[in-house]
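Structural overview
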Amino acid sequence: MKPIFFPEHPSFWYETLRTLGHIAYGGADFGEVAVTSQRIVPGDYDSWHDQWLATAGRVAGQARASRDGGHRVSARDGFLRASNYYRCAEFFLHADAADPRIRHAYDASVACFRQAAELFTPAIEPVALPYEGTTLPGYLYRPDDSGLPRPTVVMFNGFDGTAEEMHFFGAAAAAERGYTVLAFDGPGQPGTRHHQGLTFRPDWEEVVTPVLDFAMALPEVDPERIALFGASMGGYLAPRAAAFDRRIAAVVTLDGIFDLGDISTATLPLPRTEAERRLRAEHDPELDAALAAAMDAAPSTRWAIEHGMFAMGVDTPRAFCAAYLDYHLRDGVAERITCPVLVCSGEDDGFFKGQPENLFDHLDCEKTFMAFTEEEGAEAHCQSGAQKLAFARVYDWLDRVMVRRPVVVGAIGRALAMTGAVVEAIDGVGGWSVPTPCSEWDARTTLNHLVGGMRIFAAELTGTDPGGAHHDDWLGTDPSGAYRAAAEADRLAWGHAAPTDAGLADAAVRLGFGSVPGPMAALIHLTEILVHGLDLAVAADRSDLIDQHLCEDLLARMRRVDMDAFRRPGMFGPETPAPADAPAHVELLAFLGRQAVGADRAGS
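Residues numbered from 1 in each chain as written. Predicted model: local features only at pLDDT ≥ 70, side-chain atom pairs only at ≥ 80, totals over all residues. Heavy atoms only, no water.

**As for the packing of aromatic side chains**
Per the stated rule, a full pass over the model turns up 30 aromatic pairs. Relative to W48, the ring of F6 lies with its centre 6.2 Å away and its plane at 50 degrees, an arrangement referred to as tilted. Taken together, the residues F6 in the segment before α1 (10-21) and W48 in helix α3 (residues 45-68) connect sequence positions 42 residues apart. Residue W48 is classed as buried on the basis of its relative accessible area of 1%. Note on F159 and W303: the rings are 6.0 Å apart at their centroids and 90 degrees apart in plane angle, and the pair reads as edge-to-face. With a gap of 144 residues between them, F159 in the loop between β3 (150-156) and α6 (171-175) and W303 in helix α13 (residues 299-312) connect regions that are remote in the sequence. Residue W303 is classed as buried on the basis of its relative accessible area of 6%. Of note, R76 hangs over the ring of F120, and the distance from its end group to the ring centre comes to 5.1 Å. Cation over ring: R193 sits above F310, and NZ or CZ is 4.7 Å from the ring centre. (Phe/Tyr/Trp six-rings, centres within 6.5 Å; stacked < 30°, edge-to-face > 60°. Helix = DSSP H or I, 4+ residues; strand = E, 2+ residues; numbered from the N terminus. Buried < 20%, exposed > 50% of the residue type's maximum accessible area, 1.4 Å probe, protein only. Lys NZ or Arg CZ within 6 Å of the ring centre and 35° of its normal.)

Put into structure tokens, the structure is as follows:
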């Protein structure tokens, strides 16, 4: 869309659009944004601060008066807007981290948000999340006072946004749809950067894992249905965490990011490898001068680098650009993700154009690409200015993949993705002749049995002809390709036959020993895929690809059923002992009579 304000200053216009977009969930009023923008000197960071600070202070004063007068809703709404306006005020000041105006406006923003949070029903609860000897600031949203476990969205902002802003960027929209929400600031984000000096880190799984530990202990959280939602740079952080923590049931990227090194090298007239070498060099005065010239030529570049130095905790523009090189999902990281992923993309994203497509192309899990267009007024970065439209589409997707889908069907999807990663690893080294824990079967035979079973199962679910029997050659000359095709057919078949718990309960699947109710058939199929995936992972010595949380869950399920009927030749052997400190996959294999490659055990 054409800029309404600041047509010659893209950064000022985008930040104004971002604020206008927050009108949808109470973060602004159009008139307040318009008159403030008209008072700002275009391109002047001090003017931007002064005018937004003045508006924020006036609105906060009105909110306090409403609160003191007993006008709860008016006070809540005023504090929300003031919080967002204070956030705007300090946005462009980070070139000088010691500028006292930054902390003043930031602390006022948090204080106003917390005053608003108290006035919601149920109240939004500030929380402190344990993290490496300190805590991360966050907020817990409960959709009601029932205390019942709900599907949950764990969310965070990106390069420059706050946990408080996530109220307008997805938290309120999720809570009103019945989700429990946990929003937080991680290292490098405002809450931790301003008060604890924590800076960004690329291994975001080390941030998310303790947050999930905290979340899963809450009674309002359904531990089987936790989605991760990342906005802006969070479009890298969320999939990065999901690649390593398999408890995540779904990922939303608003928008998707594959490699931030593409951004930090884009303005350099150098091949990528040469650009990386020079950015990481101890000294490069020529490149330093080139970066300084780029900052002088483009205010948006100037702001991005200055804020990046602040958020990353580095002293020079080149050090910031070098730090960005470590934030990528290359080298098989994206391919490790096993849960469904939604990759959003703005048609005119001024920051990460092309990145959503790159991420989508590298995902091997269930995935959806969601494009937002100029015609919809939703083409900007993070769909700013179109929050109602964007979150309707985002949460409709999340409802489909997480809220209504039976838990066991979601687990089948995770097992398919995990096994797919193992298959790709074996194919990459040509290791199809290695023995497996499945008696007398090498890796190829195991995979052939699995693919045949998946094809037959999918045919039974959809009422079609599988075109073969278990013992046929289903792999041909392309084992990985055969597995990918079978996995896709399997996912589609379960989506067709059991999209809901009621649908699963009504389903029946005819197996070799008779017709089986849908829930039991799904558990049997999950076991088949996961256990043979473990057989392949153990054979290939790739335990790093195993979904340990899924193994824990399946073992717990199987201990609750009568296994005697399944402990027979061709299925599973007697339980064998496992070391007390064994990982979950070893415990599961031992429970099913598998222990070590090459041993003489029953079962396949």
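**Overview of the sheet that holds strand β8 (residues 367-372)**
In space, the eight strands of this open sheet follow the order β1-β2-β4-β3-β5-β6-β7-β8, with mixed pairing throughout. Strand pairing shows two members of the sheet lacking a second neighbour, β1 (125-131) and β8, which therefore form its edges. Strand-to-strand twist across the sheet, computed as the mean angle between neighbouring axes with direction ignored, equals 25 degrees. Looking at chain direction, β3 and strand β4 (residues 180-184) are connected through four bridges and run parallel. Residue pairing in the sheet places V154 in a bridge with L182 of β4. The sheet contacts of helix α8 (residues 205-216) involve β1, β2 (134-141), β3, β4 and β5 (221-231), and relative to β1 the element is tilted by about 125 degrees. (Pairing = 2+ DSSP bridges. Axes fitted to C-alpha atoms, helices over the stretch in contact; angles between N-to-C directions. Contact = heavy atoms within 4.5 Å.)

**Regarding the nonpolar core**
Formed by 142 residues in total, the largest nonpolar core has its most connected members in F229, Y395 and L398. Beyond its immediate stretch of four places on either side in the chain, Y395 contacts V153, M155, G170, A173, A174, R177, Y179 and F229. Grouped together as the second largest cluster of nonpolar side chains are 60 residues, A411, M418, F457 and L588 included. (Core = buried A, V, L, I, M, F, W, Y, C linked by side-chain atoms within 4.5 Å.)

**Describing the confidence of the model for the protein chain**
Of all residues in the protein chain, 97% have pLDDT values of 70 or greater, and the mean over the chain is 91. Note that residues 596-604 has pLDDT below 50 and, in this model, 29 contacts with residues that lie over four places away or in other chains. (pLDDT = per-residue confidence, 0-100.)

**Observations concerning the pairing of strand β6 (residues 250-254)**
Along any regular strand the residues' side chains alternate between the sheet's two faces. In terms of burial, β6 is a largely internal element, five of the five residues being buried. Burial along β6 is two-sided: the residues A250, V252 and L254 and V251 and T253 are all buried. In this sheet, β6 lies alongside β5 in parallel orientation, the contact comprising five bridges. Bridging from a neighbouring strand, L228 pairs with V251 of β6. Following the chain from β5 across helix α9 (residues 234-242) to the adjacent parallel β6, one finds a crossover that is right-handed. In this sheet, strand β7 (residues 341-346) lies alongside β6 in parallel orientation, the contact comprising three bridges. When the bridges of β7 are listed, V251 appears paired with V341. (Right-handed = clockwise from strand over helix to strand, strands pointing away.)

**A short note on helix α11 (residues 272-280)**
Restricting attention to buried positions, one finds in α11 the residues A275, E276, R278 and L279. Looking at the packing, one finds that the buried side of α11 touches α10 (261-265), α12 (285-297) and α14 (317-324).

**Details of the pattern of salt bridges**
Two side chains of opposite charge can pair, provided their charged atoms sit close to one another. Summed over all chains, the structure comprises 38 salt bridges. With a shortest N-O distance of 2.8 Å, E220 and R142 are connected by a salt bridge. Here the residue E220 occupies a position in the loop between α8 and β5, and R142 occupies one in the loop between β2 and β3, the gap between them amounting to 78 residues. Here R272 ties to E276 by a salt bridge, and the two come within 2.8 Å at their closest N and O atoms. Remark: E276 and R272 occur in helix α11; sequence separation between them is four residues, near one turn of the helix. When salt bridges with common partners are traced through the structure, they connect E15, R18, R87, D160 and E165 into a single cluster. (Salt bridge = Lys/Arg side-chain N within 4 Å of Asp/Glu carboxyl O.)

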